[in-house]
Amino acid sequence: MNGTANQPLLEVKGLCKSFGDLEVLKSIDQNIYKGEKVAVIGPSGSGKSTFLRCLNCMEDPTGGSIFFGGEDLADMKVDINKHRENIGMVFQQFNLFNNKNVIENIMLAPVHLRIKKAGGLFAPAAVKKQIRAEEKEKALALLRRIGLEEKANVYPSTLSGGQKQRIAIVRALAMNPQVMLFDEPTSALDPEMVGEVLDLIKELANEGMTMVIVTHEMGFAREVADRVLFMDGGIIAEDAPPAELFGNPQNPRTKEFLSKVL
């Protein structure tokens, strides 16, 4: 994968993150290439979620750089909201707006963004109406894709965990991101709902979506990922294709971790 792509989509250099005296990320270097599927595994507290949140500018790095589209997201002068439009994020706890129905959840960000670009408060009413109509059609198409079109007008509280997470995924897709970040997308689900969410992520992977997935699902990481990163103590202790990392891990900590979870 790396050899065929010249320029990484995301380039991480010397990324550090501390919370007070606690050093969570310790000078991480990593390139993510277009179309690549990267799984991040490791014990709790190893820095996996913090790494992901730094990639999406939800945490400000303490040091280092994250280049996306030729700009350093760690630079305070950069408009990170512009870049966030291209970096979709899916959380453990779904984070749907409970006071909005399903289709409103999906439409909210793209409608807001397009109206803002059309002039915001000063955009003509006819333009706003047209934007909402177009985004509603797109949202319905996304719901059809996951077989939940009949849930368009219900509220999140009436949905199962698996349905909420699939809707959270298509809500992120509604922005047409260049890369998707998944932070343990199945960890809050009942076991019987895990499969329906993983199937949707596999479908996106097969379509060529660039993705970074923090996961505890080792079988999924082995099946879907091009590369697996094993994190421990705030560093990437091992970085290898799944067959190598699961079949013949080189780092003693990787071996110890896999012996407990496999």
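Predicted model only: the values in this text are computed from it and were never measured.

Engineer: How should the overall build of the protein chain be read in this particular structure?
Structural biologist: The secondary structure content of the protein chain amounts to nine helices and ten strands. Against the 2.2 N^0.38 benchmark of 18 Å for 262 residues, the protein chain shows a C-alpha radius of gyration of 19 Å, consistent with a compact globule. Structurally, the protein chain occupies a C-alpha span of about 60 × 45 × 40 Å along its principal axes. The buried share of the protein chain, reckoned over its 262 residues, is 50%. Here the contacts in the protein chain between residues at least 6 apart in sequence split such that 67% fall between residues at least 24 apart. Entry remark: accessible area of the protein chain is about 12600 Å², with carbon and sulfur atoms responsible for 49%. Put simply, the protein chain has 31 plus and 34 minus side-chain charges, and the middle of one group is 6 Å from the middle of the other.

Engineer: Can you help me understand unusual backbone geometry in this one?
Structural biologist: When glycine is set aside, most residues are seen to have a negative phi, and most peptide bonds are trans. For Ser-27, which is not glycine, the phi dihedral falls at a positive 50°. Backbone geometry at Asn-176 places phi at a positive 50°, although glycine is not the residue there.

Engineer: Got a minute to help me understand the pattern of salt bridges in this structure?
Structural biologist: When charged atoms on two side chains of opposite charge get close, those side chains can pair. For the coordinates displayed, the defined rule picks out 18 salt bridges. We note a salt bridge from Glu-149 to Arg-144, for which the minimum N-O separation is 3.0 Å. Overall, Glu-149 belongs to the partly exposed group, its relative accessible area being 34%. For Arg-144, a relative accessible area of 44% gives the class partly exposed. In this structure, Glu-207 and Arg-145 form a salt bridge, with 2.8 Å as the shortest nitrogen-oxygen distance. Taken together, the positions of Glu-207 in the loop between α6 (191-206) and β8 (210-214) and Arg-145 in helix α4 (residues 125-145) put the pair 62 residues apart, joining distant regions of the chain. On the basis of relative accessible area, Glu-207 is assigned to the exposed category, the value being 54%. Linked by salt bridges that have partners in common, Arg-114, Glu-134, Glu-135 and Lys-138 make up one network.

Engineer: Whenever I open this one, the sheet that holds strand β5 (residues 71-72) confuses me. Can you help?
Structural biologist: Strands in a sheet are paired, the pairing made by backbone hydrogen bonds, and the direction either parallel or antiparallel. Taken in spatial order, the four strands line up as β2-β1-β4-β5 in an open sheet, and their pairing is antiparallel. Whereas interior strands pair on both sides, the edge strands pair on one side only; in this sheet they are β2 (22-32) and β5. Direction of pairing for strand β1 (residues 10-19) relative to β2: antiparallel, over a ladder of seven bridges. If you follow Glu-11 over to β2, its bridge partner there is Asn-31.

Engineer: Hey, could you run me through the packing of aromatic side chains in this one?
Structural biologist: On inspection of all chains with the given rule, the structure shows one aromatic pair. Both rings, one in Phe-230 and one in Phe-257, keep their centres 5.3 Å apart while their planes meet at 40°; by these two values the pair is tilted. Taken together, the residues span a long stretch of sequence, with Phe-230 in strand β9 (residues 227-232) and Phe-257 in helix α9 (residues 252-261) at a distance of 27 residues. Here the guanidinium or amino end of Lys-17 rests over the ring plane of Phe-19, the centre of that ring lying 4.9 Å away.

Engineer: Just checking my understanding: could you explain the environment of Lys-117 for this structure?
Structural biologist: Within the element layout of this structure, Lys-117 appears in helix α3 (residues 102-117). We classify Lys-117 as exposed; its relative accessible area is 63%.

Engineer: Any chance you could explain the sheet that holds strand β3 (residues 37-41) here in plain terms?
Structural biologist: Taking strand neighbours across the sheet as the criterion, the six strands line up as β6-β7-β8-β3-β9-β10 in an open arrangement whose pairing is mixed. For this open sheet the edge positions go to β6 (87-90) and β10 (235-240), each flanked by a neighbour on one side alone. The sheet shows a mean angle of 20° between the axes of neighbouring strands, direction not considered. Of the strand pairs in this sheet, β6 and strand β7 (residues 179-183) are connected by four bridges, and their pairing is parallel. Bridged to Gly-88 within β7 is Met-180.

Engineer: Looking at this structure, I do not really get the confidence of the model for the protein chain. What am I missing?
Structural biologist: Note: predicted coordinates in regions of low pLDDT should not be interpreted at a detailed level. Per-residue confidence for the protein chain averages 94 on the pLDDT scale, and 98% of its residues sit at or above 70. This model gives residues 1-5 a pLDDT under 50, and the stretch forms nine contacts once residues within four places in sequence are excluded.

Criteria and thresholds
Residues numbered from 1 in each chain as written. Predicted model: local features only at pLDDT ≥ 70, side-chain atom pairs only at ≥ 80, totals over all residues. Heavy atoms only, no water. Helix = DSSP H or I, 4+ residues; strand = E, 2+ residues; numbered from the N terminus. Rg over C-alpha atoms; globule rule 2.2 N^0.38 Å. Buried < 20%, exposed > 50% of the residue type's maximum accessible area, 1.4 Å probe, protein only. Contact = heavy atoms within 4.5 Å. Areas by Shrake-Rupley, 256 points an atom, 1.4 Å probe, with all protein chains shown as cover. Lys, Arg positive; Asp, Glu negative; His and termini not counted. Charge placed at Lys NZ, Arg CZ, Asp CG, Glu CD. Salt bridge = Lys/Arg side-chain N within 4 Å of Asp/Glu carboxyl O. Pairing = 2+ DSSP bridges. Phe/Tyr/Trp six-rings, centres within 6.5 Å; stacked < 30°, edge-to-face > 60°. Lys NZ or Arg CZ within 6 Å of the ring centre and 35° of its normal. Axes fitted to C-alpha atoms, helices over the stretch in contact; angles between N-to-C directions. pLDDT = per-residue confidence, 0-100.

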